[in-house]
Amino acid sequence: MNIFLITVIFSMLIYLGIGWYVGRKVKDLDEYYVAGRNAPTLLIIGTLVASFMSTNAFLGELGMSYSGHAPLIIIMTGGNCLGYLFGALFFGRYLRRSRAITVPEFFGKRYQSRRLQRLAGFTIVFGLTCYLLAVTWGIALIVSEVTKLPYSVSIFIVWFGYTSFTLYSGSKGVILTDTIMFLLFTAVALVALYFIIESGGGWFNVLKQLVNYEAKPGLISWHGLIGSGSNWQTPTEALLWALILGCAWGVVVAVSPWQTSRYLMARNEHVVIRSACGACVAMFLLYVVNNYSAAAVNLVNPKINPPESVMIWVSMNLVPPALGSILICGILSAGLSSASTFLSLVGFSASNDIFLKDSSPEAKLQLTRYTMIFIGLIVILLCL
């Protein structure tokens, strides 16, 4: 049993303990679905950023940055972050004001249509199940690679981890664990940056080498790597890609249920606005640190293959084993936080928006948990 496996199991047990502790205090559906509508700004910021950051952010996008496109990722992220501001001002605060317990219920109330609410519920169940599948697959691949466990065992560990605390504690446990995960992967990002910079010879030396890096010219120029060997031949093409993706993801951040549903848990509308501003700043800074860290790894090892494994390589080769295992847990926590959010929303929509209209709280809670287990089994089978 290596140190990575020990740390992964230990972190899972911590999250389970938090879920068990919080779950004991859940008294009614309002606390289970929307955390009693009493969450402070820090918890909303934590769950907004953590539910957005997933294995895609720590694998795919960092792989792009390592390959020479960090500036484009940062430009795209600027559009993403603006989505928080527009979303909170023009949608989130009205969503909170409606006192709905799910986003589809808000639309059902707004247009006085049970059919529209049910349709919106179906889109959440289908869309977020697909997203949950992708995130589970990504987390399981990381666990399998660093712990040397069989892939099938890794899938089960990951599923059991995020399902257990989500099933028992609902939104109250999800936003608390999300915030802890947010603080964890933010801290490990800063630690990784320190070791990468030190390995490259210090801040000024690293910047000088990156500016003059001949193997990937334009590595930190505003347009990134262009021309032969790149997806973009000119700076204009690269900029258009970043702006289009930034606008598209800005809309996702502004109105998607796995982001805006967090506002339903806010203590008041002031918390909605403050948390959106805080999430905007926190996510942008986190992306700057992570993606330029990945670009700087070229100075230490320019031949990591596949490039998506750059931060896994850093955790296993560049930092001390104990810190490396915590770094892996930080990456895993980003995926787990997204998975727990997706799973909870699927369960909530199935019971509140699709199947049970005027049922008792006990019946809704029971169906919510059964749905989470059923969807989890489907995800396991598809992953395998």
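Residues numbered from 1 in each chain as written. Predicted model: local features only at pLDDT ≥ 70, side-chain atom pairs only at ≥ 80, totals over all residues. Heavy atoms only, no water.

Trainee: Just to check I follow, could you spell out the overall build of the protein for this structure?
Mentor: Scanning the protein from terminus to terminus reveals 14 helices and 0 strands. Going from N to C terminus, the protein has its helices and strands arranged as α-α-α-α-α-α-α-α-α-α-α-α-α-α. Rg of the C-alpha trace for the protein: 21 Å, near the compact-globule value of 21 Å for 384 residues, within the 12% margin. Overall size of the protein, expressed as C-alpha extent along the three principal axes, is 65 × 50 × 35 Å. Across the 384 residues in the protein, those meeting the buried criterion constitute 56%. Look at the contacts in the protein between residues 6 or more apart in sequence, and 82% of them connect residues 24 or more apart. Side-chain charges in the protein split into 24 positive and 15 negative, and the spacing between the mean points of these groups amounts to 8 Å. (Helix = DSSP H or I, 4+ residues; strand = E, 2+ residues; numbered from the N terminus. Rg over C-alpha atoms; globule rule 2.2 N^0.38 Å. Buried < 20%, exposed > 50% of the residue type's maximum accessible area, 1.4 Å probe, protein only. Contact = heavy atoms within 4.5 Å. Lys, Arg positive; Asp, Glu negative; His and termini not counted. Charge placed at Lys NZ, Arg CZ, Asp CG, Glu CD.)

Trainee: I keep staring at the pattern of salt bridges and nothing clicks. Help me out?
Mentor: Pairing between side chains of opposite charge can happen when their charged atoms approach one another. Within the structure shown, the criterion is met by 4 salt bridges. A salt bridge links E269 to R97; the shortest N-O distance between them is 2.8 Å. Placement of the pair is E269 in helix α11 (residues 269–296) and R97 in helix α4 (residues 55–98), with a sequence separation of 172 residues. Note that K109 is salt-bridged to E105, the shortest N-O span being 3.4 Å. Taken as a pair, K109 and E105 lie in helix α5 (residues 103–110) at a separation of 4 residues, close to a single helical turn. (Salt bridge = Lys/Arg side-chain N within 4 Å of Asp/Glu carboxyl O.)

Trainee: What exactly am I supposed to notice about the packing of aromatic side chains here?
Mentor: Here a ring pair, both rings aromatic, is described through the centre-centre distance and the interplanar angle of the planes. Overall, the coordinates contain 19 aromatic pairs when judged by the stated rule. With a centroid separation of 5.5 Å and an interplanar angle of 75 degrees, the aromatic rings of F91 and F106 are classed as edge-to-face. In this pair, F91 is assigned in helix α4 and F106 in helix α5, connecting sequence segments 15 residues apart. The same class applies to F91 as to F106, namely buried. Grouping aromatic residues by their ring pairs yields a cluster made of F52, Y131, W249, W258 and F342. Seen from the ring of Y111, R110 lies directly overhead, with NZ or CZ sitting 4.9 Å from the centre. Sitting over the face of the ring of Y66, K216 holds its NZ or CZ atom 4.3 Å from the ring centroid. (Phe/Tyr/Trp six-rings, centres within 6.5 Å; stacked < 30°, edge-to-face > 60°. Lys NZ or Arg CZ within 6 Å of the ring centre and 35° of its normal.)

Trainee: Hey, could you run me through the packing of α4 against α11 in this one?
Mentor: Two quantities define a packed helix pair, namely the angle between the helix axes and the distance between the axes. The contact between α4 and α11 brings their axes to 8 Å, and the two run at 175 degrees. Considering their axes alone, α4 and α11 lie roughly antiparallel with respect to each other. For the contact of α4 with α11, the per-class residue count stands at 26 nonpolar, 7 polar and 5 charged. (Axes fitted to C-alpha atoms, helices over the stretch in contact; angles between N-to-C directions. Parallel < 35°, antiparallel > 145°, perpendicular 65-115°, else oblique. Nonpolar A, V, L, I, M, F, W, Y, C, P; charged D, E, K, R; others polar.)

Trainee: Just checking my understanding: could you explain the nonpolar core for this structure?
Mentor: For soluble globular proteins, the rule of thumb is that nonpolar side chains tend to be buried together. Residues M53, Y84, Y162 and F185 are the most contacted members of the largest nonpolar core, which totals 112 residues. The element contributing the most residues to this core is helix α7 (residues 151–199), with 16 residues. With residues up to four places along the chain from it excluded, the contact list for F185 reads V49, A50, M53, F58, L286, G330, S333 and A334. (Core = buried A, V, L, I, M, F, W, Y, C linked by side-chain atoms within 4.5 Å.)

Trainee: Sorry, what's going on with the environment of F90 here?
Mentor: Along the chain, the position of F90 falls in helix α4. Among the residues examined, F90 registers a relative accessible area of 59% and is labelled exposed. Taking C-alpha positions, F90 is 9.5 Å from V255, a pair spaced 165 residues apart along the chain.

Trainee: Is there a simple way to think about unusual backbone geometry in this case?
Mentor: The amide bond that connects N305 to the next residue, P306, takes the cis arrangement and shows omega of 0 degrees. Within the secondary structure layout, P306 lies in the loop between α11 and α12 (310–318). Even without a glycine there, the phi angle at A35 is positive, about 55 degrees. For A35, the location among the structural elements is in the loop between α2 (29–34) and α3 (41–52). Despite not being glycine, R37 has its phi angle at roughly 50 degrees, a positive value. One can find R37 in the loop between α2 and α3.

Trainee: Explain the environment of L225 to me, please; I cannot follow it from the model alone.
Mentor: With respect to the helices and strands, L225 occurs in the loop between α8 (203–211) and α9 (235–255). Given a relative accessible area of 11%, L225 falls into the buried group. Sequence separation between L225 and S67 is 158 residues; the distance between their C-alpha atoms is 8.0 Å. When residues no more than four places from it in sequence are discounted, the contact partners of L225 are S67, G68, H69, K216, P217, G218 and S230.

Trainee: Explain helix α13 (residues 321–355) to me, please; I cannot follow it from the model alone.
Mentor: Structurally, the α-helix is built with 3.6 residues per turn, so residues lying three or four positions apart point the same way. Compared with the 51 Å implied by 1.5 Å per residue over 35 residues, the 49 Å span of α13 between its first and last C-alpha is a close match. The principal kink in α13, of about 35 degrees, is found at S349. With 30 of 35 residues buried, α13 lies mostly within the body of the structure. (Expected span 1.5 Å × (residues − 1). Bend = angle between axes of the 7 residues up to and from the residue.)

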